[in-house]
Every structure is written in structure tokens, then in C-alpha cells.
Amino acid sequence: MIFSGPPLPVAGPVTAPCAATAANPLEADYRQLLELCPVLRVRLLAADEPAPSRAQGWYSAAELASPPEPGPGLPAAGPGGALAAALAGEAARIAPVAAAHGTAPRPHVAASRLLHHYLWSVCVLIAGPWLLARRVPSIDGANLWMHAPTGELALRPRAHVTLPGEDELRAELRSAVVTHVEPLLAAFAAPTRRGTRALWGMVTDDLASAIWYLGKQMDARAGGSGAVDAGAGAVGSGPVGAGAGRAEDAAVAAAGAVLPGHTDPLLGAADFRRLHGEDGRGHHTRTRLGCCLYYAVEPDRACITCPRTGDEERLRRL
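Conventions we followed
Residues numbered from 1 in each chain as written. Predicted model: local features only at pLDDT ≥ 70, side-chain atom pairs only at ≥ 80, totals over all residues. Heavy atoms only, no water. Salt bridge = Lys/Arg side-chain N within 4 Å of Asp/Glu carboxyl O. Helix = DSSP H or I, 4+ residues; strand = E, 2+ residues; numbered from the N terminus. Buried < 20%, exposed > 50% of the residue type's maximum accessible area, 1.4 Å probe, protein only. Pairing = 2+ DSSP bridges. Phe/Tyr/Trp six-rings, centres within 6.5 Å; stacked < 30°, edge-to-face > 60°.

**Focus on the pattern of salt bridges**
Close approach of charged atoms lets side chains of opposite charge pair.
Link 1 in the chain: Under the criterion given, the structure shown has 13 salt bridges.
Link 2 in the chain: R93 is paired through a salt bridge with E90; the nearest N and O atoms lie 2.7 Å apart. Of this pair, R93 and E90 both sit in helix α3 (residues 81–100), three residues apart, which is roughly one turn of that helix.
Link 3 in the chain: Assessed through its relative accessible area of 25%, R93 is described here as partly exposed.

Given below as C-alpha cells:
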């Protein structure tokens, strides 16, 4: 596992572009990641494959982050066209679920849900190759697309960074996430009605959750213990899933090392803790820095790491 033993000597970064004449190692990483994480709805594109069609509702991350264009003689108002289409798609997706529970979420709830979906997915896409193969992908806004009607993603893998030092590689992981999401946060600020600190807290939550989730998935794949909620991760260059709960334990340690606190603009620490049930079994948990507002869609089903969910309820559901 990556975190065993002392760090290797620090060297400069090695950036590997996706050359047309050579196989991109990220492609194998992502195939493994998609097998491991079936809830991650991502279509992988080859280097020479055309971009998904805007006419069919696909928008790049760069387009989602684009500011709105002003009308003739009028100031810009509201989200840009691409983001407005994506927000409308999310609102349409959650409306039937909300109606079944007697709710009608307001626009900022749909915006928060869409942002959470996007951030968590991107964090899995960036952290996954790091967990599996010690490669940190560089995902620019021109090579990741969202399908507005469904929320599905499409990715063209391009470059990645490798480093021998573990602290430096973790810093590169944080940097890759921050660089990709920063323009999106600016675009989502008004629709979500959230300030800068709350938005970066959401990124921190979703990065911790993504790493944790992948570790749980590794355990599940190896026949380990536990149902999978949204959060886990294990770090390894050896066989996936080395026994019941061991991948999750490694993931929790990995998330804690990536997010120890004081890593601005990412706020706070992963801050995992253990809950113990009456049978003596321990369960990893953490409390999110902020709320993703899912309770506004299903009032009786707040997330298990939500600040609104007490430890007694967490243990019951675990």
C-alpha cells in the first residue's frame, strides 16, 4: 500500500500527456475504476474521438462555468445557458422523487444537488487513479462534459502527474481538484445561494467521501464487510481489497492524510471517527462540513454523514 514505509526522496513532477501514438495509462485506470464504481456514470472517450454533441444536451465543464451573456442593452443575469440547461435537467430529475415525499424543492436545492453530484464524480475521477496507480489526472474543463438531461458525464483522459514523494503526490491531488472545480464554484455560487467557504467545504466533503467510497467498494469487491454508502477509498498498488474492512481502513487513513486540515482553500479535515454498536463492531463515520440538502428532497432520509443525522441513527442504519 502506498502509505506504508517512509516517503521516497522528492523529485520534480513527471507529467505524462496522452500521445496519439501511445496508450494512455489513465485509460486502464479508468476502466478499472468504472468496474469498481458502477454508480459513476461516465463515458470514456478516446483521444481522437469527437466531443459529445451540444445539440444532444452535452456541455463541457468550461461551458458550465462560463458567465451568462447579457442581452441587448441589459446586464447579464442568472446562470449561463449551459448551466441553466444542466440545472433544469437536475430539477426535472429530482421532481418526481420529491413529489413522492410531498416536497417541491426550490431552485437552490436542485443547484446544490447538481453541484454535489458533479463534485463527487470529479473527485472520484481524480482520486481514483491516485488510489489505484499513484497517478494524478489533470482534468481540464474542455475534456469533461455533462449531459444536461441525465447528469451523466463524458471524459477524454489526457495528462497525469506522478511524483515519488507521498506528501507531494497528495498535494498534487488537492491541486488537481482545486484547479478543476474553482471555475465551477464561481458559476454555482448564485444558483446554490452559498458563499465561498460553504462551497469549498462542499468540495472538501466530496473529496473525503470519494476516497472513502472507493475503499468500501474495494472491500465489497473482495467479499469484505458492509453495505456501501457514498464514501470510501483504499490506496494500493497490489491486489484490490485485502480482506474485510482493510481497504476501508486504508481509505480512511488516506483521506485523513490528504485532508489533514489547513489546506486552503479546502476547509477543515477529513476528521473520521469510529462508532461502536452493541455488538462491539466499529464503523467509520464523519460529519460533513456542510449539508448537500438531500433532506429537502426526501425529508426522512438525510445522508448518513449529514450534520442533521445523530450517531444513534447512524448506527441503526449501519
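This is not the end of the story, as more comes after the structure.
**With respect to the pairing of strand β9 (residues 282–285)**
Link 1 in the chain: Note that strand β8 (residues 273–276) and β9 share four bridges and pair antiparallel. Counterpart to L275 in the pairing with β9 is H283.
Link 2 in the chain: Connecting β8 to the antiparallel partner β9 that follows it, the hairpin turn spans five residues, and G280 within it adopts a positive phi of roughly 90°.

**Observations concerning unusual backbone geometry**
Link 1 in the chain: For the bond from D264 to P265, the omega torsion is 10°, close enough to zero to count as cis.
Link 2 in the chain: Phi is positive for D271, which is not a glycine, with a value near 55°.
Link 3 in the chain: Tracing the chain through its elements places D271 in the loop between α7 (246–258) and β8.
Link 4 in the chain: D271 gets classed as exposed once you look at its relative accessible area, which sits at 58%.
Link 5 in the chain: The backbone of L293 shows a phi angle near 70°, a positive value even though the residue is not glycine.
Link 6 in the chain: On the secondary structure map, L293 appears in the loop between β9 and α8 (311–317).

**Quick look at the pairing of strand β5 (residues 144–147)**
Link 1 in the chain: Taking every second residue as pointing to the same face, both faces of β5 are buried, with L144 and M146 on one and W145 and H147 on the other.
Link 2 in the chain: As judged from the three bridges shared by strand β3 (residues 58–60) and β5, these two strands associate in the antiparallel manner. Within β5, the residue paired with Y59 across the bridge is M146.
Link 3 in the chain: Of the strand pairs in this sheet, β5 and strand β6 (residues 153–155) are connected by three bridges, and their pairing is antiparallel. Across the sheet, M146 pairs through a bridge with L153, a residue of β6.

**Some details on the environment of A247**
Link 1 in the chain: Here A247 is to be found in helix α7.
Link 2 in the chain: In this structure A247 comes out as buried when scored by relative accessible area, which is 2%.
Link 3 in the chain: C-alpha of A247 to C-alpha of A220: the two residues are 27 residues apart in sequence and 9.3 Å apart in space.

**Description of the packing of aromatic side chains**
Link 1 in the chain: On inspection of all chains with the given rule, the structure shows two aromatic pairs.
Link 2 in the chain: Both rings, one in W120 and one in Y213, keep their centres 5.1 Å apart while their planes meet at 75°; by these two values the pair is edge-to-face. Pair noted here: W120 is in helix α4 (residues 107–133) and Y213 is in helix α6 (residues 196–221), with a separation of 93 residues, a long-range link.
Link 3 in the chain: Among the residues examined, W120 registers a relative accessible area of 11% and is labelled buried.
Link 4 in the chain: Of the residues examined, Y213 reaches a relative accessible area of 5% and is grouped as buried.
Link 5 in the chain: For the pair W212 and F272, a centre-to-centre distance of 5.1 Å together with 80° between the ring planes defines the contact as edge-to-face.

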